[in-house]
Amino acid sequence: MSDASADLDFDVVPETDQSFENALGKARDGDRLSVDDGVELMTTGTDSEGIDPRRKELVLEAADRRRAEVVGDEVTFVANLNNNVTTACNTGCLFCNFKDTAHRFEADNDETHAGFTKTPAESKAAVADAVQRGVSEVTSVSGLHPAFGLNDAHRAVLDSENPEHNYKPPEVYDTDPTTYVDQIAAMSEAGAHVHSITPEEAHHAQRGVDWGYDEVYGTLADAGLDTVPGTAAEILVDEVRDVICPGKMTTDEWVAAMEAAADAGLPMTSTIMYGHVENAAHRVKHLDVVRDLQDRTGNITEFVPLSFVHEQTPLYERGVVDSGASDAEDELMIAVSRLYLDNVDHIQSSWVKFGDAKGLKLLNCGADDFMGTILSEEITKRAGGQHGEFRSVADYAEMISAIGRTPVERSTDYTERRVLDPDADVLGPRLGPEADGTPLVPERTTPAGAADD
């Protein structure tokens, strides 16, 4: 928890009757951990203040050993593109600087802004170009544009006079985002695996009607949706959500949406966004929600810890936080995720959040996936992230082999894998529908991790 947010009065606090030694013993033996066990490991013991460096290393060692037992020495990545449809959003999350207030997009508003809304034709063109380069996946996570609806039938029943519907007709805006069905269909028609529609977007896509999440995900699966990103999770403890995203869905609603995605046959990922106002007990409570969901569905392909990038966010600008997570907290988040989530095989280290050196180090703390190529990334960058927007296949081969691990290109759902030869003369993706091993972009002239044109 940031020093600036330490005076928040939370009911959930990192206090247990367990000992660190007993929790570590259970972790080493592969026993299922309790919340108290997780808190002891995440804090390196609640019997003293701060993180104990020696104890931390013991947790990291246990997690790395578990990683080797579960998935071996492979480090995976996916050749993907980010195609976020719109930045227009009125939700008002205090951790986010990706959004632009939706009224700025109205045709009669003269206020300048850096936001965007893409038509389905523009989305299709962007994805088609990436598919031709060899990309296999498009990830699309967008703002909650008031004109968005699930489909035309949904927009027809939304009432712009009812504030609970958060709806304005498309003619109010410079660009019509059309519907979720239109956008998903356009990206799917371009040939990529479509990884989209977070629980929060699904919530937006059924507002004002009683169709429910099953209808949303079933309809979108028919339109071409392939898998679901379990973002919008932030911290799955409502007392934290009430502080950082009071306009968003509750924990129970997030879980219900994810269950509906599973019922629709859509594999899904899951995330945590930590390092702001929450404490270690909140983080472990979040892991417990995810583990319980996975026990019921068996549908989560990977877990993605996302360290809060605090610069240029309202939480920082308003003095609620003064920093993000420390390096030690990041290491322990990865490690305890590996140890606690005994039913999720894959844990991701995000080079966009952590940078190359730290991201690679986290692969020795329990993580086994190193994200994707990401031909465009706006969310972290607009929050102040400094680690670039593109990663080539050659970069992956070089970096992963340098730490003694095996680089593997994967499909979104991990069902397809291709081991890379780091010594090959040319390295490009091969799992995409039009991939032939050609590099995604021409040979870079800028340093690895910097943004390419």
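Residues numbered from 1 in each chain as written. Predicted model: local features only at pLDDT ≥ 70, side-chain atom pairs only at ≥ 80, totals over all residues. Heavy atoms only, no water.

## Notes on the sheet that holds strand E8 (residues 369-372)
Our working definition: Note: two strands are recorded as paired if DSSP finds a minimum of 2 bridges between them. The numbering of helices and of strands both runs from the N terminus, where a helix is a DSSP run of H or I of at least 4 residues and a strand a run of E of at least 2. Fitted lines through C-alpha atoms give the axes, limited to the stretch in contact for helices. The angle between two N-to-C directions lies from 0 to 180 degrees.
Reading across from one edge, E8-E1-E9-E10 is the order of the four strands in this open sheet, with mixed pairing throughout. Where the open sheet ends on each side, the last strands, each with one partner, are E8 and strand E10 (417-419). For this sheet, the mean angle separating the axes of adjacent strands, direction not counted, is 25 degrees. Here three bridges tie strand E9 (residues 406-410) to E10, and the two strands are oriented antiparallel to one another. Each bridged residue has a counterpart across the sheet, and for Val-408 the counterpart in E10 is Val-419.

## Comments concerning the sheet that holds strand E3 (residues 137-140)
This is how the line gets drawn: We call two residues in contact when some of their heavy atoms are within 4.5 Å.
Spatial strand order, E2-E3-E4: three strands in an open sheet with parallel pairing. Edge positions in the sheet fall to strand E2 (80-82) and strand E4 (193-196), since each of these pairs with one other strand and no more. In this sheet, adjacent strand axes meet at a mean angle of 20 degrees when their direction is disregarded. Its contacts with the sheet place helix H6 (residues 180-189) against E3 and E4, and it is angled at close to 150 degrees to E4.

## With respect to the packing of aromatic side chains
Rules: Aromatic rings from Phe, Tyr and Trp, taking only the six-membered ring of Trp, are treated as a pair when their centres fall within 6.5 Å; an angle between ring planes under 30 degrees marks them as stacked, one over 60 as edge-to-face, and anything in between as tilted. Accessible area is worked out with a 1.4 Å probe on protein chains only. A residue is then buried under 20% of its type maximum, exposed over 50%, and partly exposed in between.
Within this structure, the stated rule accounts for three aromatic pairs. Seen from their ring centres, Phe-77 and Tyr-396 are 4.1 Å apart, and the 10 degrees between their planes marks the pair as stacked. With Phe-77 in strand E1 (residues 74-78) and Tyr-396 in helix H17 (residues 393-402), the pair connects residues that are 319 residues apart, well separated along the chain. Accessibility classification places Phe-77 together with Tyr-396 in one group, the buried group. With 5.9 Å between their ring centres and 85 degrees between their planes, Phe-370 and Tyr-396 make a pair best called edge-to-face. Separated by 26 residues along the polypeptide, Phe-370 in strand E8 and Tyr-396 in helix H17 bring together distant segments of the chain. Comparing Phe-370 with Tyr-396 shows no difference in burial state: the two are buried. Each residue in the set Phe-77, Phe-370 and Tyr-396 is aromatic and connected to the rest through ring pairs, giving one cluster.

## Here we look at the confidence of the model for the protein
As a reminder, the rule being used: As a per-residue quantity, pLDDT reports the predictor's confidence and falls between 0 and 100.
Residues of the protein with pLDDT of at least 70 account for 90%, and the chain-wide mean is 90. Throughout residues 444-453 the model reports pLDDT below 50, and contacts reaching past four residues in sequence, or to other chains, amount to 21 contacts.

## Observations concerning the pairing of E1
Where burial is concerned, most of E1 is hidden: four out of the five residues are buried. Bridge count between E1 and E8: two bridges; the pairing is parallel. Considered in E8, the bridge of Thr-76 is made with Asp-369.

## So, the pattern of salt bridges
Spelled out, the test is: A side-chain nitrogen of Lys or Arg and a carboxyl oxygen of Asp or Glu constitute a salt bridge if their distance falls within 4 Å.
Taken as a whole and judged by the stated rule, the model has 31 salt bridges. The salt bridge partner of Lys-56 is Glu-331, with a shortest N-O separation of 2.7 Å. Residue Lys-56 is located in helix H3 (residues 53-71), and its partner Glu-331 is located in helix H13 (residues 327-340); the two are separated by 275 residues in the primary sequence. Across the pair, Glu-331 and Lys-56 agree in class, each one buried. We note a salt bridge from Lys-361 to Glu-331, for which the minimum N-O separation is 2.8 Å. Highlighted residues: Lys-361 in helix H15 (residues 356-362) and Glu-331 in helix H13, separated in sequence by 30 residues. Through salt bridges with shared partners, a single network forms among Lys-56, Glu-57, Glu-331 and Lys-361.

## Here we look at the packing of helix H2 (residues 35-43) against helix H11 (residues 280-297)
Quick note on the threshold: Any angle that is under 35 degrees is reported as roughly parallel, and any over 145 degrees as roughly antiparallel; angles of 65 to 115 degrees are reported as roughly perpendicular and all others as oblique. Handedness of a crossing follows from how the near helix is turned relative to the far one, being left-handed for an anticlockwise turn of less than a right angle and right-handed for a clockwise one.
Relative orientation of the contacting elements H2 and H11 amounts to 130 degrees, with a least axis distance of 9 Å. Between H2 and H11, the angle falls in the class oblique. Regarding H2 and H11, the two cross each other, and that crossing is right-handed. Facing Val-35, Gly-38, Val-39, Met-42 and Thr-43 of H2, the residues of H11 in contact are Ala-280, Ala-281, Arg-283, Val-284, Lys-285, Leu-287 and Asp-288.

## Here we look at the nonpolar core
What counts, and what does not: For this analysis, a nonpolar core means a set of buried residues of the types Ala, Val, Leu, Ile, Met, Phe, Trp, Tyr and Cys, connected via side-chain atoms within 4.5 Å.
One finds Leu-41, Tyr-217, Leu-220 and Leu-225 to be the most contacted residues of the largest nonpolar core, which totals 110 residues. The contacts of Leu-220, once residues within four sequence positions are left out, are Leu-150, Tyr-180, Val-181, Ile-184, Ile-197 and Leu-225. Residues Ala-88, Ala-102, Ala-147 and Tyr-173 belong to the second largest nonpolar core, which totals five residues.

## Let's talk about H6
Burial runs high along H6: seven of the 10 residues are buried. Residues of H6 that are buried include every one of Tyr-180, Val-181, Gln-183, Ile-184, Ala-185, Ala-186 and Met-187, and no others. At its buried positions, H6 is contacted by helix H4 (120-133), E3, E4, helix H7 (199-204) and helix H8 (212-223). After H6 finishes, the residue Gly-191 shows a positive phi value of roughly 110 degrees.

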